[in-house]
Structures are given as C-alpha cells and as structure tokens.
Amino acid sequence: MLMNMKDLLAVAREHCFAVPAFNISSNMLLTAVLEASEEMQSPLILAIHPDELSFVRPSFVKAVVQEAIQASVPVCIHLDHGASLAQVMAAIQAGFTSVMIDASALPLEDNIAICKQVVDLAHTVNVSVEGELGTIGTTGPEAEAGAEEIIFTNPDDVVTFVQATGVDTLAVAIGTSHGIYPKDRKPELKLELLKEIRSRVDTPLVLHGGSANPDDEIAAAVRLGINKINISSDVKDAFYQKCREVLQNPTLREPNSIYPPCIAAAGAVARFKIDLFNATGKAALYKNGRKLPA
Ligand SMILES: [Zn+2]
C-alpha cells in the first residue's frame, strides 16, 4: 500500500512508534527491508538519497513504486536530503510520495523560503515534505554528508519554521551523525532538547543518522516522540560484512549463490530496528488508512 509521509506518520504519532526509513540503492537492499517489514507487519519508508538515485537506472524507481503498491504493509517512498528544487521535482515526477528539502546549512530565513516553495508545489500533488532545522553531523567519507560540528536544533526556531513553511515532518539535530561512529567517538542524544522541541510542535519529528547509536537512547527518543528514524549504515554494513565473508569462497560467482545470506543478514538488522522502534505489528493500524491511487 503506497502512502505519503503525512498519512503514514499521523498514525505513528498517534500510537507512539517510529517508522524506519531504510536507504536503498539496490534490488538486494530493497528485498531485505521490504521482506523484513512484511514479516514484522511494520509500515516502511523506502529512502533514496540523490547520490543513490544517480547510481541506479531510472527504472529502479519504477520497480520500487510497483513493489510499494503491491506490499502488504503501508510504504512511503521518500527522497532523502533533496538539495534543490530540481531534485525534488524530478523525484515527484518519478513517483516519490515524500521529499526532503535540506536547506539546513542556510540561514533560517533562507531555509524557510526554500522549504515553503517546495511545500507549496509538493502539496498540490499530495506529496509530503520534510524540512530540517539544525545540522546533523557526519562520521566520514562513507557516510552521508553532514556538518563537522553538530548544530543543535534551536527550540525557539521550531514553531516559526513549522508555521512558516507548512512542512509535514521535521528533522531535528539532537546529537546524531550520519554513518558509523569511530571508536573514539561516543554518540549521545540530548533527550532533554528533544522533550523541549516536542512540547513546542505537533509535527512528526525525524531522527537522521540513527545507525550505531545506543539502543536504549533510540528507544527513549521514540517514547519522547520521534516518529521516523533514518537507518542507512547499519543495514548496509550487515549486508556487506556478510558479502565479504561469503566471497572468501573464490569459486562463487552466481548472484543467487552469493546474495541470499547477505540479504538475510541485512534483513535481520531491519527486523531488530523495527522492534526497537516499537513498529512491529503496527501495519494493522492502517487498515482503514488513506491509500494513494495506484
Ligand atoms: Zn540524513
């Protein structure tokens, strides 16, 4: 069942769980997270970053849309970190039901201006929009981009931003970074800041860089009102660690010999996250949900 983000997260907000947004840029990762979500009966956000989009053939998105329509669980297809109006419009044309416009590196007024422009366009075709306030950190070149130093979301800006832009979801910077943290860096979420932000607005809140954070902090963030958590590195890491192990056997060359255990390893991580986010079984809550026309 294909849905937009607004309708998908309204249920999560009401029932206090977070929907995982798994980044996919291959058929194998799509299979891993979709099968895990169907098995766990969890709603699912399929996230594709512009860098991932430029790597796949255009027909990949068509296949993703078709899989989402046919899925037994609610699925949203989301552009992760759209950087320009052109990227956002291309995603909408391709069939995405949600887009992020990340202008978080710009001054507040400019961030508001570009987000509002995207909201005005996207909402005319029932596509949801995610904005970002504050900046998420990065852990290195194999992770998505981010700031060297995290700029925490200023709770005083949140109401202004949400009201001025009309965004459907808001990504907040409360201490996460993209990627997997180096051993000498200990991530720590500012849960008090999250509480403060939550008390100011009703908009579903999004946590980027959810990989490699302590599980108890993530669970606490869900209890405090995070409704979407982006997971890219943890699933990919499990997949490729298993690939390396399988490929120790130099005679293997058939994809259907090599990939099934790798898909299973990625799927196991996805199932763990679904449970951690309190999303297991929550697909049942959408039985009367609004479905987008196929
Ligand atoms: Zn992100």
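Use the structure listed above.
Residues numbered from 1 in each chain as written. Predicted model: local features only at pLDDT ≥ 70, side-chain atom pairs only at ≥ 80, totals over all residues. Heavy atoms only, no water.

A. Structural detail: the overall build of the protein chain. When helices and strands are counted, the protein chain shows 11 helices and 10 strands. The globule rule puts the C-alpha radius of gyration for 294 residues at 19 Å, and the 18 Å found for the protein chain is close to it. The dimensions of the protein chain, computed from C-alpha atoms along their principal axes, are 60 × 50 × 35 Å. Sorting the 294 residues of the protein chain into buried and exposed places 55% on the buried side. (Helix = DSSP H or I, 4+ residues; strand = E, 2+ residues; numbered from the N terminus. Rg over C-alpha atoms; globule rule 2.2 N^0.38 Å. Buried < 20%, exposed > 50% of the residue type's maximum accessible area, 1.4 Å probe, protein only.)

B. A look at the coordination of the zinc ion. Surrounding the zinc ion are the protein donor atoms His81 (NE2), His178 (NE2) and His208 (ND1), at 2.0 to 2.1 Å. As a motif over one chain, the donors of the zinc ion read H-x96-H-x29-H. Within this pair, whereas His178 is found in strand E8 (residues 177–178), its partner His208 is found in the loop between strand E9 (205–207) and helix H9 (215–223), the two being separated by 30 residues in sequence. Residue classification places His178 among the buried residues on the basis of a relative accessible area of 5%. (Donors = N, O, S within 2.8 Å, 3.2 Å for Na, K, Ca; no water.)

C. Highlighting unusual backbone geometry. Of note, Gln41 is a non-glycine position whose phi angle comes to about 50 degrees, a positive value. Tracing the backbone through its elements, the reader meets Gln41 in the loop between helix H2 (27–40) and strand E2 (44–48). Here Gln41 falls in the partly exposed class, since its relative accessible area comes to 27%. The residue Asn126 is not glycine, and still its phi comes out positive at about 65 degrees. Relative to the helices and strands, Asn126 resides in the loop between helix H6 (108–123) and strand E5 (128–133).

D. A look at the packing of H6 against helix H7 (residues 155–165). It is at 8 Å that the axes of H6 and H7 come closest, and there the two elements cross at 30 degrees. The element H6 and its partner H7 pack so that their crossing is right-handed. Residues Leu108, Asn111, Ile112, Cys115, Lys116 and Val119 of H6 lie in contact with H7, whose contacting residues are Asp157, Thr160, Phe161, Ala164 and Thr165. A per-class count over the contact of H6 with H7 returns 6 nonpolar, 3 polar and 2 charged. (Axes fitted to C-alpha atoms, helices over the stretch in contact; angles between N-to-C directions. Left-handed = near helix turned anticlockwise from the far one by under 90°. Contact = heavy atoms within 4.5 Å. Nonpolar A, V, L, I, M, F, W, Y, C, P; charged D, E, K, R; others polar.)

E. Representation of the nonpolar core. In terms of nonpolar packing, the biggest core is built from 73 residues, with Ile24, Val99 and Ile229 touching the most fellow members. Every residue in contact with Ile24, bar those within four places of it in the chain, is listed here: Leu29, Leu30, Val33, Leu46, Ala47, Ile48, Glu52, Phe60 and Val64. (Core = buried A, V, L, I, M, F, W, Y, C linked by side-chain atoms within 4.5 Å.)

F. Just the packing of aromatic side chains, in detail. Here the structure, examined in full by the defined rule, presents 2 aromatic pairs. Between Phe239 and Tyr240, the ring centres sit 4.8 Å apart and the planes meet at 80 degrees, which makes this aromatic pair edge-to-face. Residue classification places Phe239 among the buried positions, given a relative accessible area of 0%. Seen from their ring centres, Phe239 and Tyr259 are 5.9 Å apart, and the 15 degrees between their planes marks the pair as stacked. Of this pair, Phe239 sits in helix H10 (residues 233–246) while Tyr259 is found in helix H11 (residues 255–276), placing the two residues 20 residues apart along the sequence. Among the aromatic side chains, those forming a connected cluster through ring pairs are Phe239, Tyr240 and Tyr259. The aromatic ring of Phe152 is capped on one face by Lys190, whose charged end is 4.7 Å from the ring centroid. (Phe/Tyr/Trp six-rings, centres within 6.5 Å; stacked < 30°, edge-to-face > 60°. Lys NZ or Arg CZ within 6 Å of the ring centre and 35° of its normal.)

G. Spotlight on the pattern of salt bridges. On inspection of all chains with the given rule, the structure shows 10 salt bridges. Between Glu245 and Lys242 there is a salt bridge, and its shortest N-O distance comes to 3.2 Å. Linking Glu245 with Lys242, this pair stays in helix H10, spanning 3 residues, or about one helical turn. According to the relative accessible area criterion, Glu245 is partly exposed, its value standing at 49%. Taken together, the shared-partner salt bridges connect Asp156, Glu196 and Arg200 into one network. (Salt bridge = Lys/Arg side-chain N within 4 Å of Asp/Glu carboxyl O.)

H. Highlighting the sheet that holds E9. An order of E1-E2-E3-E4-E5-E7-E9-E10 is seen for the 8 strands of this closed barrel, with the pairing classed as parallel. Averaged over all neighbouring strand pairs, the angle between strand axes comes to 25 degrees, with direction disregarded. Bridge analysis of E9 against strand E10 (residues 226–231) gives 3 bridges, and the strand direction is parallel. Pairing of Leu207 across the sheet is with Ile229, part of E10. (Pairing = 2+ DSSP bridges.)

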